[in-house]
There are 2 protein chains.
Amino acid sequence: MSRPVLDVGALHGMLAEQAAIGATPEGGLHRVSASAEDGRVRDWLTDWFRAHELRPLVDPVGNQFGLLELAGPDAPLLLTGSHLDSQPQAGRFDGAYGVVASCQAVAAIQAAVAAGAPRPRCNLGVVNWTNEEGARFQPSLLGSSVYAGTLSAAAAGELTDRDGVRLDEALDAIGYRRGDAAPPASAYVELHVECGPELEAAGRRIGVVESWWGAVKATVEMVGRQAHTGPTAMRDRRDALYAAALLIVAVRRLADEANADAAEVLYATVARAEVSPNSPNVVPGRVLLWVELRSPHADVLERAHARLASEVEQAAAAAGVRGRVAAESVRPAGRFDRELAELVDAVARRRGHEPLRLATVAAHDAISLAALAPSVVVNVPSAGGICHHPDEYTAPEDLEEGAQVLLDVLWDLCGTGGESHSRKDGGGGSAAAGI
Amino acid sequence: MSRPVLDVGALHGMLAEQAAIGATPEGGLHRVSASAEDGRVRDWLTDWFRAHELRPLVDPVGNQFGLLELAGPDAPLLLTGSHLDSQPQAGRFDGAYGVVASCQAVAAIQAAVAAGAPRPRCNLGVVNWTNEEGARFQPSLLGSSVYAGTLSAAAAGELTDRDGVRLDEALDAIGYRRGDAAPPASAYVELHVECGPELEAAGRRIGVVESWWGAVKATVEMVGRQAHTGPTAMRDRRDALYAAALLIVAVRRLADEANADAAEVLYATVARAEVSPNSPNVVPGRVLLWVELRSPHADVLERAHARLASEVEQAAAAAGVRGRVAAESVRPAGRFDRELAELVDAVARRRGHEPLRLATVAAHDAISLAALAPSVVVNVPSAGGICHHPDEYTAPEDLEEGAQVLLDVLWDLCGTGGESHSRKDGGGGSAAAGI
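No experiment lies behind these values; they were computed from the predicted model shown. (Residues numbered from 1 in each chain as written. Chains lettered and ligands numbered in written order. Predicted model: local features only at pLDDT ≥ 70, side-chain atom pairs only at ≥ 80, totals over all residues. Heavy atoms only, no water.)

A. Spotlight on the relation of the copies chain A and chain B. The operation relating chain A to chain B is a screw motion whose rotation component is 180 degrees, with 0.0 Å of axial translation and a residual RMSD of 0.1 Å. Expressed as a symmetry operation, the mapping of one chain copy onto the other fits a two-fold axis. Minimal C-alpha separation from the rotation axis in chain A is found for A245 of chain A, amounting to 2.2 Å. A shared interface surface links the copies, since 98% of the contact residues of chain A are contact residues in chain B too. (Least-squares fit on C-alpha atoms with pLDDT ≥ 70 in both. Contact = heavy atoms within 4.5 Å.)

What follows is the structure, given as C-alpha cells:
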C-alpha cells in the first residue's frame, strides 16, 4: 500500500523560506497584505506551484490558487490552504503554516499517485487568500469573502489603507490582480496554529474547530472641533479624543459586565484609533475608532451590539462632540460541517490523538467557505496562546503532526483512504461522497 | 514730519501670497515645519528680504533673519517677527501675520528714513522662527529656544518626526540649515492674532500680552502586550490603548476638579496618541500619549503635575500594563517686560484704543526671547477665538491696526518717535534706552 508520506524536511524548509520574507529583527514577520513583502512571498509560492506542476491561478482580488488535476476536469475540487499575509510586527506561523502544510500534503499525495497509489476521486487545490488579517485593509477575510460572493471584487478593490492606497492599486503594484476565474471548491480544509491557549492548557496536540464565535466590527467616528489647546477654554472644548477615550473605557466595561458572573462570553476591544490632526497642541477634531465585539452566544452579542450605539452617544455627549457608528459588519456565530469535523476527529484518533473540540474566536477564511461547501479548521497548539506577536511559536513536532493529520484528511476525503470514516458510513462509501 | 506710513495694500498682498503656499481646499493652511511648503514660503521670504535690501541670515536650526542696518554695526538690534510654520490643516494668520506685519513695519521705517525722517538709533531685524508650532517636531518654540540657549542646535537637529525624519535632515532637504550666527537682539516685539476669544468678547482691538501661563508637556508611554483580539481572553489582555484611554479620561478629570469652584485655572489635554501596531484585531502593545497641563498659577500647575504621575500609574495598573512619563518639559508662568508692555499700551492709546491686558495661554517665541531681552507680544482679535483651524479669521481692519501699532512701537523704540513714552521717562530719553 502506497499511502502518501509527508516530507517533514520540506515542510520545515518551506516554513523557514517564507519566514525569511518580511522577517523582523525580533524574529517575527511583518508582511501585510499586498505589500512588497507580500508580493515576494506570493512569487515564491507561484514558483513552488510551478516547480510541483500545480497550475497557478490568480483571481481579481488576488486570491492565489495552485491546482493539481488528478481526477479529470469534472471531478470535485478539494481545496486546502490559508493565508500568507500577516499582521504588522507579527509571528511566522499564523496563516503561513496552513499554506505550507497544504503544499506539502498535496505534494505527498501527488508523489504517492505517481508511485502507484490509488488514483484520488477529486482534484486538489492549494489556496493563499488575500488580506485574511484585515490589518492593512478592512474587513478581514477579504479574499475569501469575495470568493464566497458576500463582497464583490470591485468593491474590495476600492477599499483603501490608511494612506489612501486602494487594494486594487496595491495588488497591481505587486502583479497579483488578474482575471482568472476562482475555481469552485467542493470542500475546504484549513490547518492553522490555534492562536489561543486551550490546546496547550489541555495538553492536546490536535484541535478540531467545530464552530466560531460571532463578531460585530464597527467603525465609530467622533467629530469635535479642532482648536488650539492653549487659548481654548476647557468649557469650549469639543475634544474628539476625549470622547474616544470615554468610548474605549465603555467598551471594556461592556465585556467586564457581561463576564462578571460567568465564563468569558464577550470579548470587547478597541484596537485601532486614528486621531486627527494628532498634534500635541491641537484639540483633536476627529477620531476614528475600530470596535470589535465577539461572543459565542447570539443573545450576548446582540445585547452588546445594541449597547454600543448608546455608548457612542453617551461618550459623544459627555465630550460635546458628535458620535456615530460609521460602518459595521456582523458575522453571526456558526458551525463548521459536522461530518468533516467527525472525519478530522477520526483521523486524529487513528494517529493516536485525543483531539479537542474548539470554538474559534479568531476568524478564519474557512468561515467564508462554510457558506459554499463543507469546511473545517484543524488546529495545533500555540505556545502560551501567543499570536499576532513576534513570540508566536509552535513546536516542530506539533507542526509535523498537524500537517500529517491534514494529509490524512485530504487522502481520506478523496476516497483513497478513510478507514474510520468508511466504518461510520456503514462501509463502502467514503468521505468523498460528501464533496 | 516724515513719520513712517504703513503700506496697507502690501500688507494684505503679502498675507495673501504666504497663504497660497500650503493652502488647503477649506481655505486653511497646512505648512508644518521644515516641509516642502515651509521651504517654499521661506524662499518667498528670502526673496522679499533681498528685494527690500534686508540681509538674509539662516542659523543652524533654520531660524531665518532679515537685517536692516540703519544705525551702524554696533547699534542695538530691535528684532520683530513670528513664525511661518503652521499646525496641520490650520489657519492663515497664526504666526504668518506677525512675520508679514514685521516686514511691512520695517519697510515703512526704511522708506521713511530714505525720505528724510530722523535716523533710528537701532538696527532692525525681521525673524521667522523654526518650528514654533511643535506640530511636526516636539517641543514647540524650538527655534527660539535654540536662540535663547535653552536647547542646543545639535540636540534640536536630532529630534525626529513621527516618520523618524530628523529635523536637521528635513532642514537640509529644504536648504535651511546654515552656519550664520544668529544676531543678538536687544529687544523683541511680536505681533500675533490672539488665538483666543477675549479681545472679541471685550470689544477691544489691541491686546497687550503682559504674562504667560505655565505649562507642563509630558510624553507618556504605556507598554502592554501585543496579542490577537480574537483568542486572547479579556483576563489575559494587557491592552496599552485601554490604559491610554483611562489616562485621557483622568487628565480631563484633573481639569474638571481644578476648575470646579473657580474660573478656569487649569487646562489639561491629551491631543496626540500614537498606537502600535494600530490594527483593528491586535491588542495594542504600546501607546504614546502627549499630555499638556497649563495654568497661570504655579501652585495649581505643580499640583496637577504631581497628580499626573500617579494617574499614569493608576491607569497602567488598571489595564495591567506598564506606564511611565517618558519625557517632560516644564515652562513656568512668567511676565513680559513691563516697560515694553507700557509702551505698547501708550502707543495703542495714542491711536485711540483702549488696550486689553492679556495673559497668553498659548506659547509664543517671545517667551523664549524674554529670557534674553525685553520682549512683548501684541494681539489683535481672532473671530470666535478660533485658531489652529481653517476657519481662523481676523478682520482686515484689525490686521491693519495691529500692524500700525507694531510700526509705531518699533519707531518709538528706536528713539525716533515715542511721544508718550518720552513723557513717562520724564522727557529727553526714549524707549531705545532700554534696548
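Structure shown, so let's carry the discussion forward.
B. Broad picture of the pairing of strand 11 (residues 286–295) of chain B. Residue and element names in this part refer to chain B. Burial runs high along strand 11: nine of the 10 residues are buried. Here strand 7 (residues 214–223) runs beside strand 11; their pairing, made up of 10 bridges, is antiparallel. From the neighbouring strand, V220 faces strand 11, where its bridge partner is L289. Here strand 9 (residues 267–276) runs beside strand 11; their pairing, made up of nine bridges, is antiparallel. Its bridge partner lying in strand 11, A273 is registered against L289. (Buried < 20%, exposed > 50% of the residue type's maximum accessible area, 1.4 Å probe, protein only. Helix = DSSP H or I, 4+ residues; strand = E, 2+ residues; numbered from the N terminus. Pairing = 2+ DSSP bridges.)

C. Structural context of the interface of chain A and chain B. Taken together, the contact pairs 65 residues of chain A with 64 residues of chain B. Between chain A and chain B, a total of about 5300 Å² is buried, with carbon and sulfur atoms accounting for 54% of that surface. On the chain A side of the interface with chain B, the three residues burying the most area are M234, R252 and P280 of chain A, jointly 14% of the side's total. Remark: the boundary between chain A and chain B carries four salt bridges. With its nearest N and O atoms 3.3 Å apart, the salt bridge here joins D391 of chain A to R225 of chain B. Here chain A is connected to chain B by 36 residue pairs in polar contact (both at pLDDT 80 or more). If you list the elements that add at least two residues to the side of chain A that touches chain B, you get strand 8 (227–228), helix 8 (240–258), strand 9 (267–276) and strand 11 (286–295) of chain A. For the side of chain A that touches chain B, the leading source of residues is strand 9 of chain A, giving nine residues. By residue class, the composition of the side of chain A that touches chain B is 31 nonpolar, 18 polar and 16 charged. (Buried area = accessible area lost by both parts, 1.4 Å probe. Salt bridge = Lys/Arg side-chain N within 4 Å of Asp/Glu carboxyl O. Polar contact = N/O pair within 3.5 Å; in protein donor to acceptor, adjacent residues only side chain to side chain. Nonpolar A, V, L, I, M, F, W, Y, C, P; charged D, E, K, R; others polar.)

D. Quick peek at the sheet that holds strand 9 of chain A. Residue and element names in this part refer to chain A. Spatial ordering of the open sheet is given by 9-11-7-12, a layout of four strands whose pairing is antiparallel. The two strands at the open ends of the sheet, each matched to only one other strand, are strand 9 and strand 12 (322–331). Across this sheet, the average inter-strand angle for adjacent strands is 15 degrees, counted without regard to direction. Sheet strands in contact with helix 9 (residues 298–319) are strand 7 (214–223), strand 11 and strand 12, and its direction is about 5 degrees off that of strand 7. (Axes fitted to C-alpha atoms, helices over the stretch in contact; angles between N-to-C directions.)

E. Here's a closer look at the sheet that holds strand 11 of chain B. Residue and element names in this part refer to chain B. Strands sit in the order 9-11-7-12 across an open sheet of four strands; the sheet is antiparallel. Strands with a single pairing partner mark the edges of an open sheet, and in this sheet they are strand 9 and strand 12 (322–331). The average angle at which neighbouring strand axes cross in this sheet is 15 degrees, direction not considered. Across the sheet, helix 9 (residues 298–319) touches strand 7, strand 11 and strand 12, and the angle it forms with strand 7 is around 5 degrees.

F. How the structure looks around the nonpolar core. Ranked by internal contacts, the top residues of the largest apolar core, which has 82 residues, are M222, L247 and L289 of chain A together with M222, L247 and L289 of chain B. Beyond its immediate stretch of four places on either side in the chain, L289 of chain A contacts A218, T219, V220, A244, L247, I248, V270, R272 and A273 of chain A. (Core = buried A, V, L, I, M, F, W, Y, C linked by side-chain atoms within 4.5 Å.)

G. View of the environment of P76 of chain A. Summarising the element assignment, P76 of chain A is placed in the loop between strand 2 (64–68) and strand 3 (77–82). Along the chain, P76 of chain A and S186 of chain A lie 110 residues apart, while their C-alpha atoms are 5.6 Å from each other.

H. Looking closely at unusual backbone geometry. With an omega of 5 degrees, the peptide bond between Q138 of chain B and P139 of chain B qualifies as cis. Residue position: P139 of chain B is located in the loop between strand 4 (123–128) and helix 4 (142–148). For A34 of chain A, which is not glycine, the phi dihedral falls at a positive 65 degrees. On the secondary structure map, A34 of chain A appears in the loop between helix 1 (8–19) and helix 2 (36–51). On the basis of relative accessibility, which here comes to 4%, the residue A34 of chain A falls in the buried class.

I. Spotlight on the pattern of salt bridges. Residues and elements named next belong to chain A. Here the structure, examined in full by the defined rule, presents 52 salt bridges over all chains. Between D398 and R205 there is a salt bridge, with its nearest N and O atoms 2.7 Å apart. With D398 in helix 12 (residues 396–413) and R205 in the loop between helix 7 (198–202) and strand 6 (207–212), this residue pair connects regions lying 193 residues apart in the sequence. Assessed through its relative accessible area of 13%, D398 is described here as buried. Here R324 ties to E221 by a salt bridge, and the two come within 2.8 Å at their closest N and O atoms. Of this pair, R324 sits in strand 12 while E221 sits in strand 7; the two residues are 103 residues apart in sequence, bridging distant segments of the chain.

J. Inspection of the packing of helix 10 (residues 338–350) of chain B against helix 12 (residues 396–413) of chain B at higher detail. Residues and elements named next belong to chain B. Between helix 10 and helix 12, whose axes approach to 9 Å, the crossing angle comes to 120 degrees. Classed by the angle they form, the pair helix 10 and helix 12 counts as oblique. For the pair helix 10 and helix 12, the sense of crossing is right-handed. Between helix 10 and helix 12, the contacting residues are L340, L343, V344, V347 and R350 on the first element and V405, D408, V409, D412 and L413 on the second. Of the residues that constitute the contact of helix 10 with helix 12, the class distribution is seven nonpolar, no polar and three charged. (Parallel < 35°, antiparallel > 145°, perpendicular 65-115°, else oblique. Left-handed = near helix turned anticlockwise from the far one by under 90°.)

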